[in-house]
Amino acid sequence: MIFIFKLIISFIFIYSSNAFSSEKIFDVVINEPSSDKRAIAFVDTVTGKNRILEVNMKGKVIWEWNFPNKLVSKVKQICNGADINYLKSTDEFLFILPKEGAFIVGRDGKHRSLIKDNNITHDIDILPNGNFLYARGFVNKGEDEVREVSPSGEIVWKWSHAKYFPNREKFYEKYTKKAKNKLYRRGWLKNDGVDWAHVNGVDRLDNGDTLISLRNFNMFVIVDSKGKPKKVFKDIHFVHEPHKTKFGYIASDRFKTRKILHSIVLISNKDRRKYLLTGKFKTVRGIETLKDNRFSITSVGNIIEIDKNAKIFHRMHLTIDTEDSERDLTAQEMRNKSTKGRCGKGPGNLYKVVKTK
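Residues numbered from 1 in each chain as written. Predicted model: local features only at pLDDT ≥ 70, side-chain atom pairs only at ≥ 80, totals over all residues. Heavy atoms only, no water.

**A word on the overall build of the protein**
Move 1: The helix and strand tally for the protein stands at three helices and 25 strands.
Move 2: Buried residues in the protein amount to 53% of all 357 residues.
Move 3: Residue pairs at least 24 apart in sequence account for 47% of intrachain contacts in the protein once pairs closer than 6 positions are excluded. (Helix = DSSP H or I, 4+ residues; strand = E, 2+ residues; numbered from the N terminus. Buried < 20%, exposed > 50% of the residue type's maximum accessible area, 1.4 Å probe, protein only. Contact = heavy atoms within 4.5 Å.)

Next up, the structure:
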């Protein structure tokens, strides 16, 4: 009976894989033999369909889950920080619909709501104790930007920048007045306490400390269990996805001048900095640490596997864009040529992807 059951499951899986195999989301550019062959999953911010996708390393869809009607009405802010996590132990997906809540879904399509919060965006994790740690990215000055809640919904820990970093201007001391005014004029920074810190990432470290990424302060901070800052990493322009690594830290740096363009920054434990992929990919908003000091990078239109020396082992880009749609290596300023796709005209199509199996 067990053999028959497994056989039936195998047939279902093969049928499902073939059913989706005609849909190609990415074109593969680089595929080294030693690259991580696991598939990826993400909230679909590309095609306009309300779903979660799993895509293999050939760029083809191998699994999808279409949002039920009651969730379709909650995707209005989908371009503003739709996060996803793969839960290996249960083969489920934990995901955020920005400014709505967090949900979990299994392969069978059964799903449930975990958190209802009109400010949840960007990042969520399940902690070893079963609690959820998440970011509240667009809240105004003084509101808590990070929350840890229990499965029952009780807030057990929260954090706001306001007590520790009341002066945002000092984090722009290296900027000219013209450069700062440009940020306000384009709406990347706002006045009157609106969207003040823009926390876009949060990680609970093994020692109980918490890493928090504050985009509008160009820095990330390590805080202790009471929320008190222990170490601050400054001057990482519009920082995204900082993570602790074996050698120190990694993050996305979106600085842009005539000579310095968007890049990945590696920060050693002695605060020495090394920049990777400079000027090649715009707006990296996803970094996942892999084994052997490798990383899965998500830009607005590319999925890239690199090591700490910037060797690319695998890269694929969205089929709706050209291979070079994110970069112009000869111009003084990078420009995003991508205007297609659900979120292409806004913050950019892809937000974050996660390795599955």
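**A closer look at the state of the cysteines**
Move 1: Under the criterion given, the structure shown has one disulfide.
Move 2: The partner cysteine of C79 in its disulfide is C343, sulfur to sulfur 1.9 Å. On the S-S bond that ties C79 to C343, the torsion sits near -80 degrees, and the link is left-handed. Of this pair, C79 sits in the loop between helix 2 (69-72) and strand 5 (84-87) while C343 is found in the loop between strand 24 (312-318) and strand 25 (354-355), placing the two residues 264 residues apart along the sequence.
Move 3: Overall, the relative accessible area of 22% leaves C79 in the partly exposed class. (Disulfide = S-S within 2.5 Å.)

**Regarding the sheet that holds strand 1 (residues 26-31)**
Move 1: Sheet architecture is open: five strands sit in the order 1-24-23-22-21, paired in antiparallel fashion. A single partner strand is all that each edge strand has here, and the edge strands are strand 1 and strand 21 (286-289). Going from strand to strand, the sheet's axes swing by 15 degrees on average, the running direction of each strand aside.
Move 2: Pairing of strand 1 with strand 24, which is carried by five bridges, proceeds in the antiparallel orientation. Looking across to strand 24, one finds that I30 is bridged to R315. (Pairing = 2+ DSSP bridges. Axes fitted to C-alpha atoms, helices over the stretch in contact; angles between N-to-C directions.)

**Some points on the sheet that holds strand 14 (residues 210-214)**
Move 1: In space, the four strands of this open sheet follow the order 13-14-15-16, with antiparallel pairing throughout. Two strands in the sheet have a free side with no partner beyond their single neighbour: strand 13 (199-204) and strand 16 (229-233). Neighbouring strand axes in the sheet, compared pairwise and without regard to direction, differ in orientation by 15 degrees on average.
Move 2: The sheet contact formed by strand 13 and strand 14 spans five bridges and is antiparallel. By the bridge assignment, V202 is partnered in strand 14 with I212.

**A few points about the environment of S263**
Move 1: Relative to the helices and strands, S263 is located in strand 19 (residues 263-268).
Move 2: A residue is classified by how much of its surface remains accessible, and S263, at 5% relative accessible area, is buried.
Move 3: For the pair S263 and L276, spaced 13 residues apart in sequence, the C-alpha separation works out to 5.7 Å.
Move 4: Setting aside chain neighbours within four positions, we find S263 in contact with A251, S252, D253, Y275, L276, L277 and T278.

**Quick word on the packing of aromatic side chains**
Move 1: For the coordinates displayed, the defined rule picks out 16 aromatic pairs.
Move 2: Where W65 meets F67, the ring centres are 5.5 Å apart and the plane angle is 65 degrees; that geometry is what we call edge-to-face.
Move 3: The class of F67 is buried, set by a relative accessible area of 6%.
Move 4: Here a set of aromatic residues connected by ring pairs shows up, and it is made of W65, F67, F95 and F103.
Move 5: Sitting above the plane of the F238 ring, R215 keeps its charged end 4.6 Å from the centroid.
Move 6: Just above the ring of F313 sits the side chain of K311; from NZ or CZ to the centre is 5.1 Å. (Phe/Tyr/Trp six-rings, centres within 6.5 Å; stacked < 30°, edge-to-face > 60°. Lys NZ or Arg CZ within 6 Å of the ring centre and 35° of its normal.)

**Section: the confidence of the model for the protein**
Move 1: Taken as a whole, the protein shows an average pLDDT of 90; of its residues, 89% reach a score of 70 or greater.
Move 2: Within the model, the stretch residues 10-18 combines pLDDT values under 50 with three contacts to residues more than four positions away or in other chains.
Move 3: Confidence drops under a pLDDT of 50 for residues 329-334, and excluding neighbours within four residues, the segment shows 14 contacts in the predicted structure. (pLDDT = per-residue confidence, 0-100.)

**So, the pairing of strand 19**
Move 1: Burial analysis of strand 19 places five of its six residues in the buried class, the great majority of the element.
Move 2: The pairing of strand 18 (residues 248-253) with strand 19 spans six bridges and is classified as antiparallel. Each bridged residue has a counterpart across the sheet, and for Y249 the counterpart in strand 19 is I267.
Move 3: Here four bridges tie strand 19 to strand 20 (residues 273-276), and the two strands are oriented antiparallel to one another. Each residue of the ladder has a partner; that of L266, found in strand 20, is K274.
Move 4: Taking the residues between adjacent antiparallel strands as the criterion, strand 19 and strand 20 are bridged by four residues, where D271 takes a positive phi near 65 degrees.

**Notes on the layout of surface pockets**
Move 1: Considering only enclosed or pocket space, the second largest pocket measures out at about 1200 Å³ in volume.
Move 2: Around the second largest pocket, the lining comprises 38 residues; the ones closest to its centre are N85, D125, D203, H243 and T289.
Move 3: Where the lining of the second largest pocket is concerned, the elements lending two or more residues are strand 5, strand 9 (124-126), strand 13, strand 17 (240-244), strand 21 and strand 25. (1 Å grid on protein atoms, 1.4 Å probe; cavity = no way out; pocket = protein on both sides within 12 Å on 5 of 7 lines; lining within 4 Å. Points joined across faces, edges and corners; volume = space filled by probe spheres on them.)

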